[in-house]
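Reading the structure
Chain by chain, the residues run as shown.
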Amino acid sequence: MEEGKLIENGGMPKFDITDLNLHYGTFHALKGINMKIRKNEITAFIGPSGCGKSTFLKTLNRMNDLVDNVKIEGGVKLDGKDIFKEMDAITLRHRVGMVFQQPNPFPKSVYDNVAYGPRIFGIHRKAELDEIVERSLRQAAIWDELKDRLNKSALGLSGGQQQRLCMARTLAVEPEVILMDEPTSALDPISTSKIEDLAMELKEKYTIVIVTHNMQQAARISDRTAFFLLGEMVEFNETGKVFSMPKDKRTEDYISGRFG
Ligand SMILES: Nc1ncnc2c1ncn2[C@@H]1O[C@H](COP(=O)(O)OP(=O)(O)OP(=O)(O)O)[C@@H](O)[C@H]1O
């Protein structure tokens, strides 16, 4: 593995992003982003609507490749390897999973939703799939609720259950990074708190990057927070510092609600 630049307190960052620029046609959506995302931490992206948070998140597993007229320049390394030049998109998306804003289970049974990814990657033995399904549902803290409904349609679950099922589906292929794009914005407070608890448990094993509009959520669960504005990353620091003593006036205005 190629040696990447170490971060201040040692270790290699999970993602090393250097001078990343993204254009949608003539629109400059990400402007010169530099950032190192650490392993086993939760990194939160905050900022007003349209500032580029989702665009940046999707760049990390090359979901933007599918958009017409997109131009991406700069470097994104995962464990020291360039995700555009040294990795194919399938391998990347296996290693970097994603959970979306709206729970999006397939119109299949609970079991088949979770087994979907492993089957694509060639696992067909029933005993092995059973084990993966149970492990993933347990990790997503939903096994007890669903163990007697494995053959029922996932579409019959509540929104909060569907979102934890989608987490289980992501976990089933054992990714290293989980990208979460406003995963709780469609959920009630109890389901939200379950997803937050889950994210905090999962960071022991995974690296988590979450886009959230909810600043309390970023403050509650993330280790580091990045504030975006108009395609720029204005500030990136330990979450406590960003919220208690932001360095940039624009961050301060945003977190104190004076932005406008
Ligand atoms: N496929 C696309 N084609 C053209 N422009 C796009 C596309 N996707 C996003 N944009 C534009 O890029 C900018 C950043 O969008 P993005 O969705 O990344 O913002 P965001 O910070 O995640 O917003 P929100 O918080 O509302 O989800 C916006 O101005 C948006 O209109």
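Residues numbered from 1 in each chain as written. Predicted model: local features only at pLDDT ≥ 70, side-chain atom pairs only at ≥ 80, totals over all residues. Heavy atoms only, no water.

What follows deals with the overall build of the protein. Each helix and strand in the protein was counted, giving 10 helices and 10 strands. Relative to a compact globule of 260 residues, whose C-alpha radius of gyration would be 18 Å, the protein shows 18 Å and is just as compact. Along the longest, intermediate and shortest principal axes, the C-alpha atoms of the protein span 55 × 40 × 40 Å. Buried positions account for 52% of the 260 residues belonging to the protein. A separation threshold of at least 6 residues defines the contact pool for the protein, and within that pool the share at least 24 residues apart is 66%. Carbon together with sulfur atoms contributes 51% to the accessible area of the protein, which is approximately 12,200 Å² in total. (Helix = DSSP H or I, 4+ residues; strand = E, 2+ residues; numbered from the N terminus. Rg over C-alpha atoms; globule rule 2.2 N^0.38 Å. Buried < 20%, exposed > 50% of the residue type's maximum accessible area, 1.4 Å probe, protein only. Contact = heavy atoms within 4.5 Å. Areas by Shrake-Rupley, 256 points an atom, 1.4 Å probe, with all protein chains shown as cover.)

On to the packing of aromatic side chains. Under the defined criterion, the tally for this structure stands at five aromatic pairs. Judged by centre distance (5.1 Å) and plane angle (15 degrees), the rings of Phe 45 and Phe 56 are stacked. Of this pair, Phe 45 sits in strand S3 (residues 42–46) while Phe 56 sits in helix H1 (residues 53–59), placing them 11 residues apart in sequence. Judged by relative accessible area, Phe 45 falls into the buried class, the value being 0%. According to the relative accessible area criterion, Phe 56 is buried, its value standing at 0%. Ring centres of Phe 56 and Phe 228 lie 5.6 Å apart, and the angle between their planes is 55 degrees; this geometry places the pair in the tilted category. With Phe 56 in helix H1 and Phe 228 in strand S9 (residues 224–229), this pair connects stretches of sequence that are 172 residues apart. (Phe/Tyr/Trp six-rings, centres within 6.5 Å; stacked < 30°, edge-to-face > 60°.)

One open sheet accounts for six strands, arranged S6-S7-S8-S3-S9-S10; its pairing is mixed. The open sheet has two free edges, formed respectively by strand S6 (96–99) and strand S10 (232–238), since each of these has just one partner strand. This sheet shows a mean twist of 20 degrees between the axes of neighbouring strands, independent of strand direction. In the sheet, S3 pairs with strand S8 (residues 207–211) via four bridges, with the strands oriented parallel. (Pairing = 2+ DSSP bridges. Axes fitted to C-alpha atoms, helices over the stretch in contact; angles between N-to-C directions.)

Glancing now at the site of the ligand. Around the ligand lies a shell of 13 residues, among which Ser 49, Gly 50, Lys 53, Thr 55 and His 213 are the nearest. One of the side-chain N or O atoms of Tyr 24 is found 3.4 Å from a nitrogen atom in the ligand. His 213 is positioned such that a nitrogen or oxygen atom in its side chain is 2.7 Å from an oxygen atom of the ligand. Relative to its unbound accessible surface of 640 Å², the ligand loses 62% to contact with the protein. The greatest single-element share of the shell around the ligand, amounting to three residues, is contributed by H1. Among the residues making up the shell around the ligand, the classes are represented as five nonpolar, six polar and two charged. (Near = heavy atom within 4 Å. Polar contact = N/O pair within 3.5 Å; in protein donor to acceptor, adjacent residues only side chain to side chain. Nonpolar A, V, L, I, M, F, W, Y, C, P; charged D, E, K, R; others polar.)

Turning our attention to the nonpolar core. Considering soluble globular proteins, one finds that nonpolar side chains tend to be buried as a cluster. Leu 137, Met 167, Ile 178, Met 180 and Leu 202 are the most contacted members of the largest nonpolar core, which totals 41 residues. Excluding its chain neighbours within four sequence positions, the residues that come into contact with Ile 178 are Gly 97, Val 99, Thr 170, Leu 171, Leu 202, Tyr 206, Thr 207, Ile 208 and Val 209. (Core = buried A, V, L, I, M, F, W, Y, C linked by side-chain atoms within 4.5 Å.)

Compared with the 20 Å implied by 1.5 Å per residue over 14 residues, the 20 Å span of helix H4 (residues 126–139) between its first and last C-alpha is a close match. Looking at the packing, one finds that the buried side of H4 touches helix H3 (110–120), helix H5 (143–146), helix H6 (159–171) and helix H7 (189–202). A positive backbone phi angle near 55 degrees is found at Ala 141, which sits one or two residues after H4. (Expected span 1.5 Å × (residues − 1).)

So, on to the UniProt feature "domain: ABC transporter" (unreviewed entry) in the protein. The sites that carry the UniProt feature "domain: ABC transporter" (unreviewed entry) are, in the present numbering, residues 15–255. Secondary structure within residues 15–255 divides into 37% helix and 27% strand; the distance between the first and last C-alpha atoms comes to 26 Å. (UniProt positions renumbered as here; feature names shortened; annotations may be inferred.)

Let's shift gears to the pairing of strand S4 (residues 70–78). Sheet topology note: the strand S1 (residues 15–24)/S4 ladder contains eight bridges and is antiparallel. When the sheet's bridge partners are listed, Asn 21 is paired in S4 with Glu 73. With two bridges joining them, S4 and strand S5 (residues 81–82) adopt antiparallel strand pairing. Within the sheet, the bridge partner assigned to Lys 77 lies in S5 and is Asp 82. The loop that links S4 with its antiparallel partner S5 comprises two residues; one of these, Asp 79, has a positive phi angle of about 50 degrees.

Here the structure, examined in full by the defined rule, presents 21 salt bridges. Arg 95 serves as the salt-bridge partner of Glu 176, at 2.9 Å between the closest nitrogen and oxygen. Here Glu 176, found in the loop between H6 and strand S7 (177–181), pairs with Arg 95, found in helix H2 (residues 89–95); they are 81 residues apart in sequence, far enough to count as distant. Taking the relative accessible area as the measure of exposure, Glu 176 reaches 26% and is therefore partly exposed. Here Arg 95 falls in the buried class, since its relative accessible area comes to 19%. Here the salt bridges do not stand alone but share partners, grouping Lys 14, Asp 79, Arg 95 and Glu 176 into one network. (Salt bridge = Lys/Arg side-chain N within 4 Å of Asp/Glu carboxyl O.)

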